[in-house]
Amino acid sequence: MTTLLSDNDVIDRIFQHIDNKTTDLGETVWKEPVENYMSQERFEKEIELLRRMPVPYCPSAALLDKGSYIARKSAGRPLLVVRGEDGVVRAFKNACRHRGMKLKGDESGCTKAFVCPYHAWTYGLDGALKHIPGNEAFPGINKEDHGLVPVHSVVEKNGVVFVTQDEPISEGCLESIPDLFSPEQKVFEQSTMSDSANWKLLGETSMEGYHIKSLHNKSFYPYGVDNINVIETFGRNSRVTFPFRRIEKLREIPREERRIDGMVTYVIQLFPNCHITTLSSHSILIILEPVSPNETEWVVYRLTNKLGNGPARSEADTKKDADFVKNAGLDEDRYAAQSIQDSLETGANEFLTFGQCESAIVHFHKHLDDQIACL
Ligand code: FES
Ligand SMILES: [Fe+2]
């Protein structure tokens, strides 16, 4: 079970911080070795970790129908994830059992079966090999031994599909996951983008509000409050609350009638490489796929918000909000991460320093170190 604060408790804590000119502070300052953003050896350990724990692959809403599938690389391996005829989501290594061609390129769609583009070996949605053209030329081949190879396990929980590729290093890490998406939330955009930066540098940008005034001076700062955040942790994960200035309006409203929607941005970090952001009129699920120590691919899903929370939004409004976030604030964060990656080469810093106001990042690095030590 999660121990996240209620919306009203979050609002109370934000008002205390505004009144006292304070923010949530962690207990320690953290120094992360620069080497951990550059080393191939460390990168390979992080990839192993990503394969040996449940990591988000997509929102459930991206695999709504029976037969809907998404093929993409996850932790460096091409996977094929599909909702079966029985409604269960399964994940397979995306490799034909004849001579290994990927059954689907990086794409999504809906199908009744997977037909290999090379020689048309055909597999069911459950991965079973159904048909070999010219079967007589393969005497002794047992179809039952040549189904698609499943990953270790798939769990669909609270609106997100989690994939564990290999033997997990520990159990129970999904127990503390709160409700993430409700069934009425629809995917309205899916995209990818690449950055020349370590995946952790990109992730760190969304885990603190200490940079709102400086980095986002003309984008988020006119609407947002600088360096006032509520920071909560649950399991290895965290939630950082970023208040908008307009939250002041809630002071006039009796506590039990207050609605937080549109007054804050909630960012949930699902350890280690996923963020779910709830904004005024839409939500974003981001998965940061490490490509190399200094390259990352973003997998981004944009979804509508829950119905009935705050004023109803037109599709045009939602799109406008999404474009603003994308073209303004997010680009500034991406630039910051790439700029840091560039500077690491100078050797000026042996460590990157995270202060007490950046405690969600400290929490992340502590757990990342602990998990890597368990490999
Ligand atoms: S490689 Fe798939 S059918 Fe030959
Ligand atoms: Fe930012």
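Residues numbered from 1 in each chain as written. Chains lettered and ligands numbered in written order. Predicted model: local features only at pLDDT ≥ 70, side-chain atom pairs only at ≥ 80, totals over all residues. Heavy atoms only, no water.

(A) View of the coordination of the iron ion (ligand 2). Within the protein, the atoms that donate to the iron ion (ligand 2) are His 211 (NE2), His 216 (NE2), Asp 333 (OD) and Asp 333 (OD), at distances of 2.0 to 2.5 Å. Geometry at the iron ion (ligand 2) is irregular, judged from the 4 donor atoms that bind it and their angles of 56 to 152° at the metal. Residue His 216 is classed as buried on the basis of its relative accessible area, which comes to 1%. (Donors = N, O, S within 2.8 Å, 3.2 Å for Na, K, Ca; no water. Tetrahedral: all angles 85-135°; square planar, octahedral: opposite > 155°, others 65-115°. Buried < 20%, exposed > 50% of the residue type's maximum accessible area, 1.4 Å probe, protein only.)

(B) Structural detail: the packing of helix H2 (residues 40-51) against helix H6 (residues 359-373). Packing of H2 against H6 leaves a shortest axis separation of 10 Å and a crossing angle of 85°. By the angle class used here, H2 and H6 are roughly perpendicular. Every residue of H6 that contacts H2 at Arg 42, Lys 45, Glu 46 and Leu 49 is listed here: Leu 368, Asp 369, Gln 371 and Ile 372. Of the residues in the contact of H2 with H6, the class split is 3 nonpolar, 1 polar and 4 charged. (Axes fitted to C-alpha atoms, helices over the stretch in contact; angles between N-to-C directions. Helix = DSSP H or I, 4+ residues; strand = E, 2+ residues; numbered from the N terminus. Parallel < 35°, antiparallel > 145°, perpendicular 65-115°, else oblique. Contact = heavy atoms within 4.5 Å. Nonpolar A, V, L, I, M, F, W, Y, C, P; charged D, E, K, R; others polar.)

(C) Representation of the pairing of strand S3 (residues 68-74). Across the 7 residues of S3, 6 count as buried, placing the element largely inside the fold. Pairing geometry for S3 and strand S6 (residues 107-110), over 4 bridges, is antiparallel. Looking across to S6, one finds that Tyr 69 is bridged to Gly 109. Pairing between S3 and strand S4 (residues 77-83): 6 bridges, direction antiparallel. Bridge pairing in S4 links Lys 73 to Pro 78. (Pairing = 2+ DSSP bridges.)

(D) Highlighting the sheet that holds S6. As summarised here, the arrangement of the 4 strands in space is S5-S4-S3-S6, forming an open sheet in which the pairing is antiparallel. The open sheet has two edge strands, strand S5 (89-93) and S6, and neither has a second partner. Taken pair by pair, the neighbouring strands of this sheet meet at an average axis angle of 20°, ignoring direction.

(E) Quick look at the packing of aromatic side chains. Per the counting criterion, the structure on display carries 4 aromatic pairs. Here Trp 121 and Phe 138 contribute two aromatic rings whose centre-to-centre distance is 5.5 Å and whose plane-to-plane angle is 85°, an arrangement assigned as edge-to-face. You can see Trp 121 sitting in the loop between strand S7 (114-115) and strand S8 (122-123) and its partner Phe 138 sitting in the loop between strand S9 (129-131) and strand S10 (153-157), a full 17 residues away along the chain. What makes Trp 121 buried here is its relative accessible area of 2%. Centroid distance Trp 199 to Phe 364: 6.0 Å. Interplanar angle 90°. Geometry classified as edge-to-face. In this pair, Trp 199 sits in helix H3 (residues 199-204) while Phe 364 sits in helix H6, placing the two residues 165 residues apart along the sequence. (Phe/Tyr/Trp six-rings, centres within 6.5 Å; stacked < 30°, edge-to-face > 60°.)

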